[in-house]
Amino acid sequence: MTTATLTRVPAETARPGYSFRSTARMEWLKLRSVRSTSWIVLVFAAGMIGLSVLVLSHEHWATMAAADRATFDPTNEGFTGLALGQLVLGVLGVLAITTEFSSGMIRATFAAVPRRPMVLAAKAAVVAAVTLVAGEVLAFGAFAAGELVLRSPAPHATFAQPGVLRAVLMGGAYPCLIALIALGLGAVIRNTAAAISAVVGMLFVVPLILLPLGTSVQHSVGQFLPMLIAENSMTAVKPVAHSLSPGAGLAVLCGYAAVALVAGGWALARRDA
Amino acid sequence: MIEARGLVKCYGSTIAVDNLSFDVMPGTVTGFLGPNGAGKSTTMRMMLGLDRPDAGTVRIGGKSYHDLRSPLREVGALLEAKAFHPGRTARAHLTALAASNAIPERRVGEVLEITGLEKAAGRRAGKFSLGMSQRLGIAAALLGDPAVLLLDEPVNGLDPEGIRWIRNLLKNLAAQGRTVLVSSHLISEVAQTADRLIVIGQGRLLAQTTVTELSARSSLEEAFFALTEGSTEYSASNLAYQGSLS
């Protein structure tokens, strides 16, 4: 009896089952086998490089007012493309889960991996890896392209200057964090159009709502909005008033992503698929 | 073997499944019969841990689905046709699912061959006909070479050749000692493949029987109608309406 148990147990445990690793592999295969992924990365690249070039090639130092010269931040200006980039990578995060609900694929996924929070964690790992690589590559690309087209005598940014490398690295991390927030929202909302609307609302509509509420509200609340964190904290080399420090901005966004993903995991586990 | 005990599922004030208990035995094809809306699909989703029962349990090989370590190797399921991303190829769809349970990639080629989809493997699944989509769903169910198969209306959309193919497939799978549960709302269809029957209506168990036993008393269809009488959604008023038209 004892020997039988002893010989059987290793056989049982040796039998491959699902794990976080195998689930992440499934999610990677899913993400790379749909056309929308490559289209999204292409639009992201075009937006990041294109807008950096467009903005920095139109800076005319000679005609610039003294006040503008004082606040001119060539690193920050090169990240205008994040306005578009955050949205497209947000869409990638949303689609990574909502297309499974619209097609019914989610039931095949959950039948294969019944631990739903593990599925979301694997999706998050894959989405984070893809968007972080794309984000960093294009952040450095946008920075390099922008400095290349910026005409002297306008001051150029180099990595030797304090804060520039940090701003570029954080500029690349920002859209990845937005994609993770979007993935969490998608897991809660499930419907593609509604989840994308929520992402647009968070990124673009909430800042507009703050506009008529007066400067004190804008200053106190605005610094916690994702887009303003990107613009005034993470990619800024010259400090902007009424804004979080770069590190605090990054921490706040990581907090948002964590909250969205925990809410998403909870909603997936609780509701019927 | 599948054991369902006291399953209850409510949607708001509607009771979809009402204290349902039954066993599905290995080595035979079991037909899961009932009129539309009887709760067949809901029950199958509860078996797979997709819908949480309000009461009751389902055990597959003695375990709850959630506790299976390699679910695709133990249970294969076809719930609905077209449950895949329309832009993904059939091969990519199967490869991704196989990866989740560490099933070797060569198995993808095998199930494509079994289901006759080798030539269509590189095409986007969204362009598939209903029949091909069903075959892809069956291919996914067979990926882990599971001992238990749950198929919800698998003949939907199949042409006569496809229907004959699936009947033989199911019989062969059962002959290998597997547990095969096939739902349908057509008794005549199920009688061609199944030996045992579980008949439900309005979420309740009406009969747990065999095809031979059911057809002993009268014709199969008569017996089925007698069983499900009063548990269909629209029967009486529908008939009256048709009568007044003619």
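Residues numbered from 1 in each chain as written. Chains lettered and ligands numbered in written order. Predicted model: local features only at pLDDT ≥ 70, side-chain atom pairs only at ≥ 80, totals over all residues.

With that out of the way, let us pick up the overall build of chain A. The number of helices and strands found in chain A is 13 helices and zero strands. Secondary structure elements of chain A, listed N to C terminal, follow the sequence α-α-α-α-α-α-α-α-α-α-α-α-α. By its C-alpha atoms, chain A is 90 × 40 × 35 Å across when sized along the principal axes. Burial analysis of chain A (273 residues in total) assigns 44% to the buried set. (Helix = DSSP H or I, 4+ residues; strand = E, 2+ residues; numbered from the N terminus. Buried ≥ 20, exposed ≤ 12 C-beta atoms within 10 Å, placed from the backbone.)

Another aspect to go through is the overall build of chain B. Along its length, chain B carries 10 helices and nine strands. Here the C-alpha radius of gyration of chain B, 18 Å, is about what a compact globule of 246 residues would show, namely 18 Å. When its C-alpha atoms are laid out on the principal axes, chain B stretches across 55 × 45 × 40 Å. Counting only residues that meet the buried cut, chain B has 49% of its 246 residues in that class. In chain B, the proportion of contacts linking residues at least 24 apart, taken out of those at least 6 apart, comes to 69%. (Rg over C-alpha atoms; globule rule 2.2 N^0.38 Å. Contact = placed C-beta atoms within 7 Å.)

Glancing now at the packing of helix H6 (residues 82-103) of chain A against helix H8 (residues 116-149) of chain A. Residues and elements named next belong to chain A. Interhelical geometry of H6 versus H8 gives an angle of 155 degrees and a closest axis separation of 11 Å. Here H6 lies roughly antiparallel to H8, going by the angle between them. As H6 runs across H8, the sense of the crossing is right-handed. Across the interface between the two elements, Leu89, Leu92, Gly93, Ala96 and Ile97 of H6 pack against Lys123, Val127 and Thr131 of H8. In terms of residue class, the contact of H6 with H8 is built from five nonpolar, two polar and one charged. (Axes fitted to C-alpha atoms, helices over the stretch in contact; angles between N-to-C directions. Parallel < 35°, antiparallel > 145°, perpendicular 65-115°, else oblique. Left-handed = near helix turned anticlockwise from the far one by under 90°. Nonpolar A, V, L, I, M, F, W, Y, C, P; charged D, E, K, R; others polar.)

Moving on: the sheet that holds strand E7 (residues 179-184) of chain B. Residues and elements named next belong to chain B. With respect to topology, six strands assemble into an open sheet ordered E5-E6-E7-E3-E8-E9, the strand pairing being mixed. In this open sheet, the two edge strands, each paired with only one partner strand, are strand E5 (75-78) and strand E9 (204-210). In this sheet, neighbouring strand axes are inclined to one another by 15 degrees on average, regardless of whether the strands run parallel or antiparallel. Along the sheet face, helix H1 (residues 40-47) touches strand E3 (29-33), strand E6 (148-152), E7 and strand E8 (196-201) and points at about 150 degrees away from the line of E6. (Pairing = 2+ DSSP bridges.)

On to the interface of chain B and chain A. The partner chain A presents 26 residues to the 32 residues of chain B that form the contact. Among the elements of the structure, helix H2 (71-74) and helix H3 (90-100) of chain B are those that each provide at least two residues to the side of chain B that touches chain A. By residue number, the principal contributor to the side of chain B that touches chain A is H3(B), which donates six residues.

Before going further, it helps to examine the confidence of the model for chain A. Residues with a pLDDT of 70 or more make up 95% of chain A, whose mean pLDDT is 93. The low-confidence segment residues 1-13 of chain A, where pLDDT is below 50, has zero contacts with residues more than four positions distant or belonging to other chains. (pLDDT = per-residue confidence, 0-100.)

With 149 residues, the main nonpolar core has A:Leu180, A:Leu183 and B:Leu97 as its most contacted residues. Filtering out sequence-adjacent residues up to four positions away, B:Leu97 remains in contact with A:Met26, A:Ala108, A:Ala112, B:Leu72, B:Ala140 and B:Leu143. (Core = buried A, V, L, I, M, F, W, Y, C linked by C-beta atoms within 7 Å.)

Residues and elements named next belong to chain A. Mapping Ser243 onto the fold places it in the loop between helix H12 (226-234) and helix H13 (246-270). Considered as a pair, Ser243 and Ala83 are 160 residues apart in the sequence and their alpha carbons are 18 Å apart. Non-local contacts of Ser243, meaning those with residues more than four positions away in its chain, are made with Gln223, Asn232 and Ser233.

All names here are of chain B. The terminal C-alpha atoms of helix H6 (residues 160-175) lie 23 Å apart, and with 16 residues this matches the ideal 22 Å at 1.5 Å per residue to within 8%. Packed against the buried residues of H6 are E3, helix H5 (130-142), E6, E7 and helix H7 (187-193). Gly177, located one to two residues past H6, shows a positive phi value of around 95 degrees. (Expected span 1.5 Å × (residues − 1).)

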